[in-house]
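Examining the three-dimensional arrangement
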Amino acid sequence: MTDRETLANSRFSCTPRERAVFEAGIKLATIYHQFVGTPVNLESVEKLEDAISRSIEVQPYVKSAEVTIDRSFFSKEMDRYSYLSLTGNMIDAVIRIELDGNLVTAEMRFDRELNYPLMFISDISEV
């Protein structure tokens, strides 16, 4: 552990497991609040998915980040002047955080029953 990591850890009054859950929430919030509103079309959607995933993967403790954008929102009749602004109900994300032997899987999915882009912890395990 580096001195910088030791110093950062000293700021948290929780268990490593609780911190891993906290880190997962921060990463999902980053996806939502940083990227909602981004212009996107069928030609750029794959690149945007990759850019979002890669931007999350550089953050501390991220083991993996998978982002997909629901293509059903795009019309095949869209031309070069047509694009959408990314919304929360278009994003599916799965983030895995590994911290001190804890593996947390967090997801963001549009929940049709709630009519809401729900962020939730889907699994917590030990590595």
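Residues numbered from 1 in each chain as written. Predicted model: local features only at pLDDT ≥ 70, side-chain atom pairs only at ≥ 80, totals over all residues. Heavy atoms only, no water.

**So, the nonpolar core**
This is how it is decided: Take the buried Ala, Val, Leu, Ile, Met, Phe, Trp, Tyr and Cys residues and link them wherever side-chain atoms come within 4.5 Å; each set so joined is a nonpolar core. We call a residue buried when its accessible area falls under 20% of the maximum for its residue type, exposed when it is over 50%, and partly exposed in between, using a 1.4 Å probe and counting protein chains only. Per the convention used, a helix needs a DSSP run of H or I reaching at least four residues, while a strand needs a run of E reaching at least two, with both numbered from the N terminus. Residues are treated as being in contact if the distance between any of their heavy atoms lies within 4.5 Å.
If you look at the biggest cluster of nonpolar residues, it comprises 25 residues, and the most contacted ones within it are Ile31 and Leu86. Residue assignment for this core shows that the elements contributing at least two residues are helix H2 (16–35), helix H3 (45–57), strand S2 (62–69), strand S4 (91–99) and strand S5 (102–111). Excluding residues within four positions of it along the chain, Ile31 makes contact with Val36, Ile52, Ile56, Val67, Ile91, Ala93, Ile95 and Met108.

**Quick word on the packing of aromatic side chains**
Quick reminder of the rule: The pairing test for Phe, Tyr and Trp rings, Trp by its six-membered ring, is centres within 6.5 Å, and the orientation test on the planes gives stacked under 30 degrees, edge-to-face over 60, and tilted for anything in between.
This model, assessed by the stated rule, comprises one aromatic pair. For the pair Phe12 and Phe22, a centre-to-centre distance of 5.7 Å together with 65° between the ring planes defines the contact as edge-to-face. In this pair, Phe12 sits in the loop between helix H1 (3–9) and H2 while Phe22 sits in helix H2, placing the two residues ten residues apart along the sequence.

**Regarding the sheet that holds S2**
Applied cut-off: Here, a strand pair is defined by DSSP locating no fewer than two bridges between the strands. The axes are straight lines fitted to the C-alpha atoms, using for helices just the contacting stretch, and the angles between their N-to-C directions are given from 0 to 180°.
Ordered by their spatial adjacency, four strands build an open sheet running S2-S4-S5-S6, and the pairing between neighbours is antiparallel. In this open sheet, the two strands that pair with only one neighbour each are S2 and strand S6 (116–126). Taking the axes of each pair of neighbouring strands and ignoring which way they run, one obtains an average angle of 10° across the sheet. Packing against the sheet, H2 makes contact with S2, S4, S5 and S6, and its axis sits at approximately 150° to S4.

**Some remarks on the packing of H2 against H3**
The condition that has to hold: When describing relative orientation, an angle under 35 degrees is termed roughly parallel and one over 145 degrees roughly antiparallel, while 65 to 115 degrees is termed roughly perpendicular and anything else oblique. Put simply, a crossing is left-handed when the front helix is turned counterclockwise from the back one by less than a right angle, and right-handed when it is turned clockwise. In this classification, Asp, Glu, Lys and Arg are treated as charged, Ala, Val, Leu, Ile, Met, Phe, Trp, Tyr, Cys and Pro as nonpolar, and every other residue, Gly included, as polar.
The geometry of H2 relative to H3 is characterised by a closest axis approach of 10 Å and an angle of 135° between their N-to-C directions. Between H2 and H3, the crossing angle belongs to the class labelled oblique. The handedness of the crossing between H2 and H3 is right-handed. Only Leu48, Ile52, Ser55 and Ile56 of H3 make contact with H2, whose side of the interface consists of Lys27, Thr30, Ile31 and Phe35. Grouping the constituent residues of the contact of H2 with H3 by class yields five nonpolar, two polar and one charged.

**Some remarks on H2**
Inclusion rule: An expected span of 1.5 Å times one less than the residue number is assigned to each helix.
Helix length check: H2, at 20 residues, gives a terminal C-alpha distance of 28 Å against a target of 28 Å (1.5 Å per residue), a fit within 8%. The complete set of buried residues in H2 reads Arg19, Ala20, Glu23, Ala24, Lys27, Leu28, Thr30, Ile31 and Phe35. Of the surrounding elements, those touching the buried residues of H2 are H1, H3, S2, S4, S5 and S6. One or two residues past the end of H2 sits Gly37, with phi positive at roughly 100°.

**Quick notes on the environment of Leu84**
Along the polypeptide, Leu84 turns up in strand S3 (residues 84–85). Residue Leu84 is classed as partly exposed on the basis of its relative accessible area of 24%. Residues Leu84 and Val127, 43 residues apart in the sequence, show an inter-C-alpha distance of 40 Å.

Keep in mind these values describe shape, not function.
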